[in-house]
Amino acid sequence: MAGQGTVKKKPTMKLSDGALTTLEDTMGFLGMDIRDDAVDVQAMNNITLIINAASAYIEKQAGRKFGKRDYSERHEGTGSQMLLLDNYPVREIKEIRDTASGSVVEEGEYYLENGGESGMVYRDSGWAKSGRRQGLANDLRTVAKSISVQYTAGYVLPKDGTAKAPSDLPYDLQYAVWLMVQQQWSLLANGAGGLAAFSISDVSWTFDRAESPMVTDVIAKYRRWG
């Protein structure tokens, strides 16, 4: 008989820091109730394992992290008015420092393009290149990473959402994980084996069956650019 209201059994496998969905939501997508006593711990562990692997695969293919966290980066001056940060959406810039001059770039001197969604930081006076100059023409021969940026970027993941700060991860990213889990879970349930290659540490994911076009499209949509 299905349990009511609370989860009586908990999986021993934990969701990774970068998991793009929750166990409960994924099980719901699979037509399973996390409160059902008939669902054993091993099944929940297996689903959690696939969630973690699928999430890591999507991040690797997209070339970016999606969870909200703090970053510290060094960039070369671009010689233009645009500076592309490695992670986005940018939530807050804590400090930008020009290490060549030792000065802090004041907040009023720059702003985030598209509200931080693109990771582009615009500055009217530009992001000057610096480095080692050489020769009679004083040409810049080597460019230094002289722009230091401290900032917060990423989405609130479903597992980290609260009533005051709910998850804002785009739904299609979560849906892509569900599709990957559904595909592998169906193969496991049918005794088909499923993966030709599977490694959490190497984040390799080679399906015996073709990857869903929906998953491919979502990864392409969120792939890091620049």
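Asker: I would appreciate a short explanation of helix 4 (residues 213-222) in the present structure.
Answerer: Residue pairs three or four apart in sequence face the same way in an α-helix, which turns once every 3.6 residues. Those residues of helix 4 not exposed but buried are V215, V218, I219 and Y222. Along the long axis of helix 4, the arc covered by the buried residues comes to 100°, so they all point the same way. Across helix 4 from its buried face, at more than 90 degrees, point the exposed residues P213, D217 and K221.

Asker: Would you mind showing me how to read the pattern of salt bridges here?
Answerer: Where charged atoms from two side chains of opposite charge come close, those side chains can pair. The tally for this structure, following the rule as stated, stands at 10 salt bridges. Residue E24 is joined to R35 by a salt bridge in which the shortest nitrogen-to-oxygen separation is 3.1 Å. Of the two residues, E24 sits in helix 1 (residues 23-29) while R35 sits in the loop between helix 1 and helix 2 (41-62), which places them 11 residues apart along the sequence. Judged by its relative accessible area of 42%, E24 is partly exposed. Its relative accessible area of 26% is what places R35 among the partly exposed residues. Across the salt bridge formed by R91 and D168, the nearest N and O atoms sit 2.3 Å from each other. Here D168 lies in the loop between strand 9 (147-153) and helix 3 (171-189) and R91 lies in strand 3 (residues 90-98), a separation of 77 residues in the sequence. On the accessibility criterion, D168 (31% relative accessible area) is partly exposed.

Asker: Any chance you could explain the sheet that holds strand 4 (residues 103-104) here in plain terms?
Answerer: Strands belonging to one sheet form pairs held by backbone hydrogen bonds; the direction of such a pair is parallel or antiparallel. Pairing in this open sheet of four strands is antiparallel, and the strands run 1-9-3-4 from one edge to the other. Of all strands in the sheet, those with a lone pairing partner are strand 1 (69-75) and strand 4, marking the two edges. Pairing geometry for strand 3 and strand 9, over seven bridges, is antiparallel. By the bridge assignment, E95 is partnered in strand 9 with Q150.

Asker: So what exactly am I meant to see when it comes to the nonpolar core here?
Answerer: Most often, soluble globular proteins have nonpolar side chains that are buried together. Of all hydrophobic cores here, the largest spans 32 residues; its most connected members are M27, I47, I58 and F66. No other element matches the nine residues that helix 2 contributes to this core. Those residues in contact with I47, other than ones at most four positions away along the chain, are L23, T26, M27, L30, M32, V181 and W185. The next biggest cluster of nonpolar side chains, apart from the first, holds 15 residues, and it includes L83, V121, V149 and A153.

Asker: Any chance you could explain the sheet that holds strand 5 (residues 110-112) here in plain terms?
Answerer: Across the sheet, which stays open at both edges, the three strands sit in the order 2-6-5 with antiparallel pairing between neighbours. The outermost strands of the open sheet, each flanked by one partner alone, are strand 2 (82-84) and strand 5. Adjacent strand axes in the sheet meet at a mean angle of 25°, parallel and antiparallel pairs treated alike. In the sheet, strand 2 pairs with strand 6 (residues 120-123) via three bridges, with the strands oriented antiparallel. Among the inter-strand pairings, L83 is bridged to a residue of strand 6, identified as V121.

Asker: Honestly, the side chain of S148 in this entry has me stumped. Any pointers?
Answerer: Relative to the elements of secondary structure, S148 occurs in strand 9. When neighbours within four sequence positions are excluded, S148 is seen to be in contact with E73, R74, E95, I96, R97 and T99.

Asker: Help me out: how do you make sense of the environment of S101 in this one?
Answerer: Within the fold, S101 resides in the loop between strand 3 and strand 4. Sequence spacing of S101 and S146 is 45 residues, and the spatial spacing of their C-alpha atoms is 8.8 Å. Among the polar contacts listed, one links the side chain of S101 to the side chain of S103, at a separation of 2.7 Å.

Asker: Would you mind showing me how to read unusual backbone geometry here?
Answerer: Excluding glycine, residues mostly carry a negative phi; peptide bonds, for their part, are mostly trans. Cis geometry is adopted by the peptide bond preceding P89, which originates at Y88 and carries an omega value of 5°. By secondary structure assignment, the location of P89 is in the loop between strand 2 and strand 3. Residues other than glycine seldom take positive phi values, yet N114 does so here, at roughly 55°. The exposed category is assigned to N114, whose relative accessible area is 58%.

About the criteria used
Residues numbered from 1 in each chain as written. Predicted model: local features only at pLDDT ≥ 70, side-chain atom pairs only at ≥ 80, totals over all residues. Heavy atoms only, no water. Buried < 20%, exposed > 50% of the residue type's maximum accessible area, 1.4 Å probe, protein only. Helix = DSSP H or I, 4+ residues; strand = E, 2+ residues; numbered from the N terminus. Arc of directions from axis to C-beta. Salt bridge = Lys/Arg side-chain N within 4 Å of Asp/Glu carboxyl O. Pairing = 2+ DSSP bridges. Core = buried A, V, L, I, M, F, W, Y, C linked by side-chain atoms within 4.5 Å. Contact = heavy atoms within 4.5 Å. Axes fitted to C-alpha atoms, helices over the stretch in contact; angles between N-to-C directions. Polar contact = N/O pair within 3.5 Å; in protein donor to acceptor, adjacent residues only side chain to side chain.

The values are spatial; any link to function lies outside them.
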